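One-letter residues, chain by chain:
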Amino acid sequence: MPLHAITEVYGEAGLRDRFGLEVDSFPEGERETLVRALDLAAELHAEDRRVREPYLNHLLRVAIRIIRYYGIRDVDVITAALLHDAVEDHPAELSGQPADLGHAALTDAAVAELARRFNPRVSELVRSVTNPEYDPARDRDEQYRMHVTDSLDRDPWARVIKVSDFTDNGVGVVHTTPAKAERSARKYRPLVPKLRELVGRPDTPLSMAARDHILDQLDLAEERFAAILDD
């Protein structure tokens, strides 16, 4: 069953069950790491929502997609997928630092805390997919797209996390409110060609089957963006 269908029918409990099934075959120590990451994500995002659903649903889908559809069993990557919005959304709670410390200092402190709890590779993967502080005088969506392009150019493994995140937002754009769907389509549509190019790079650590699956999903996302914006 598609992940958004699981969400619609069974909600967070269904996604948690699916995640549990996916990680059952991992060695015990790796399972424990992934459970710790999920518990931390659930704690940090406990009050967060994505319009119609708990925010944790998005994080679960991103991680499950990487395991099931991309065939990735790298625990650092899956851990970072579960926590990919932790530094961006909850740096003070994660780091234990005052919320008024400043964006750069809070980001560094939160990344350091992830390195302490897990390892430096996990923390740097999360840093790669964490949005910077935006210049209020410039277009926010343009800055987002520039950051994604620059960070993914440098970090092949971060591409795996970001493309699952993008797929969840893009293919899932029909599962939100009309206003949110239009806003998301305008933000994400210009990134589709860049993500296609990144997925096709020789250094992107994905099998041919995973690449084909992702390209199909990007096509579907683009179709949905077009239906929303060109109607």
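Whatever comes next refers back to the structure up there.
Residues numbered from 1 in each chain as written. Predicted model: local features only at pLDDT ≥ 70, side-chain atom pairs only at ≥ 80, totals over all residues. Heavy atoms only, no water.

J.: What should I look at first to understand a nonpolar patch on the surface in this one?
T.: A cluster of nonpolar side chains, Met 1, Val 9 and Tyr 10, forms an exposed patch at the surface whose accessible area comes to about 350 Å². Structurally, the position occupied by Met 1 is in the segment before α1 (3-23). (Patch = residues over 30% accessible without salt bridge, like charges linked within 9 Å, V, L, I, M, F, W, Y side chains within 5 Å. Areas by Shrake-Rupley, 256 points an atom, 1.4 Å probe, with all protein chains shown as cover. Salt bridge = Lys/Arg side-chain N within 4 Å of Asp/Glu carboxyl O. Helix = DSSP H or I, 4+ residues; strand = E, 2+ residues; numbered from the N terminus.)

J.: Teacher, can you tell me more about the packing of aromatic side chains here?
T.: Aromatic ring pairs are described here by two measures, namely the spacing of the ring centres and the angle between the planes. For the structure shown, the criterion picks out three aromatic pairs. Ring centres 5.5 Å apart and planes at 80 degrees place the aromatic pair Phe 166 and Tyr 188 in the edge-to-face group. Linking Phe 166 in helix α10 (residues 156-171) with Tyr 188 in helix α11 (residues 178-188), this pair joins segments that are 22 residues apart in sequence. The class of Phe 166 is buried, set by a relative accessible area of 1%. Each ring, one from Phe 166 and one from Phe 225, has its centre 6.3 Å from the other, and the planes form 85 degrees; the classification is edge-to-face. Taken as a pair, Phe 166 in helix α10 and Phe 225 in helix α13 (residues 208-229) lie far apart in primary sequence, 59 residues in all. This pair shows no difference in class: Phe 166 is buried, exactly as Phe 225 is. Positioned over the ring face of Trp 157 is Arg 121, at 5.5 Å from the centre of the ring. Geometry around Tyr 144 places Lys 187 over its ring, the cationic atom sitting 4.4 Å from the centre. (Phe/Tyr/Trp six-rings, centres within 6.5 Å; stacked < 30°, edge-to-face > 60°. Buried < 20%, exposed > 50% of the residue type's maximum accessible area, 1.4 Å probe, protein only. Lys NZ or Arg CZ within 6 Å of the ring centre and 35° of its normal.)

J.: I would appreciate a short explanation of the side chain of Asp 76 in the present structure.
T.: Within the secondary structure, Asp 76 is located in helix α4 (residues 75-82). On the basis of relative accessible area, Asp 76 is assigned to the buried category, the value being 19%. Side-chain polar atoms of Asp 76 contact the side chain of Asn 119, separated by 2.9 Å. When neighbours within four sequence positions are excluded, Asp 76 is seen to be in contact with Asn 119, Arg 121, Val 122 and Leu 125. (Polar contact = N/O pair within 3.5 Å; in protein donor to acceptor, adjacent residues only side chain to side chain. Contact = heavy atoms within 4.5 Å.)

J.: I tried to follow helix α2 (residues 28-44) on my own but got confused; where do I start?
T.: Given 3.6 residues to a turn, an α-helix orients residues that are three or four positions apart in the same direction. Counted at 1.5 Å a residue, the expected span for α2 with its 17 residues is 24 Å, and the 24 Å between its end C-alpha atoms agrees. Buried residues of α2: Thr 33, Leu 34, Ala 37, Leu 38, Leu 40, Ala 41, Ala 42 and Leu 44, and no others. Packed against the buried residues of α2 are α1, α3 (55-68), α4, α5 (86-89), α6 (91-95) and α7 (103-117). (Expected span 1.5 Å × (residues − 1).)

J.: Is there a simple way to think about the layout of surface pockets in this case?
T.: To find leftover empty space, one rolls a probe the size of a water molecule over the atoms. Space inside the largest pocket adds up to approximately 940 Å³. Around the largest pocket sit 43 residues that line it, and Arg 50, Tyr 55, Lys 180, Lys 187 and Tyr 188 are the ones nearest its centre. Secondary structure elements with two or more residues in the lining of the largest pocket: α1, β1 (49-50), α3, α5, α7, α9 (140-154), α10 and α11. It is α11 that contributes the most residues to the lining of the largest pocket, five residues altogether. Split by residue class, the lining of the largest pocket holds 11 nonpolar, 14 polar and 18 charged. Of the volumes computed, that of the second largest pocket is approximately 190 Å³. (1 Å grid on protein atoms, 1.4 Å probe; cavity = no way out; pocket = protein on both sides within 12 Å on 5 of 7 lines; lining within 4 Å. Points joined across faces, edges and corners; volume = space filled by probe spheres on them. Nonpolar A, V, L, I, M, F, W, Y, C, P; charged D, E, K, R; others polar.)

J.: How do you make sense of the nonpolar core when you look at a structure like this?
T.: Taken as a class, soluble globular proteins show a tendency for nonpolar side chains to be buried jointly. Ranked by internal contacts, the top residues of the largest apolar core, which has 67 residues, are Phe 19, Ile 66, Tyr 70 and Leu 83. Looking at which element gives the most residues to this core, the answer is α3, with nine residues. Ignoring anything within four residues of it in the chain, the contact list for Ile 66 reads Gly 71, Ile 72, Val 77, Ile 78, Ala 81, Val 160, Ile 161 and Ser 164. (Core = buried A, V, L, I, M, F, W, Y, C linked by side-chain atoms within 4.5 Å.)

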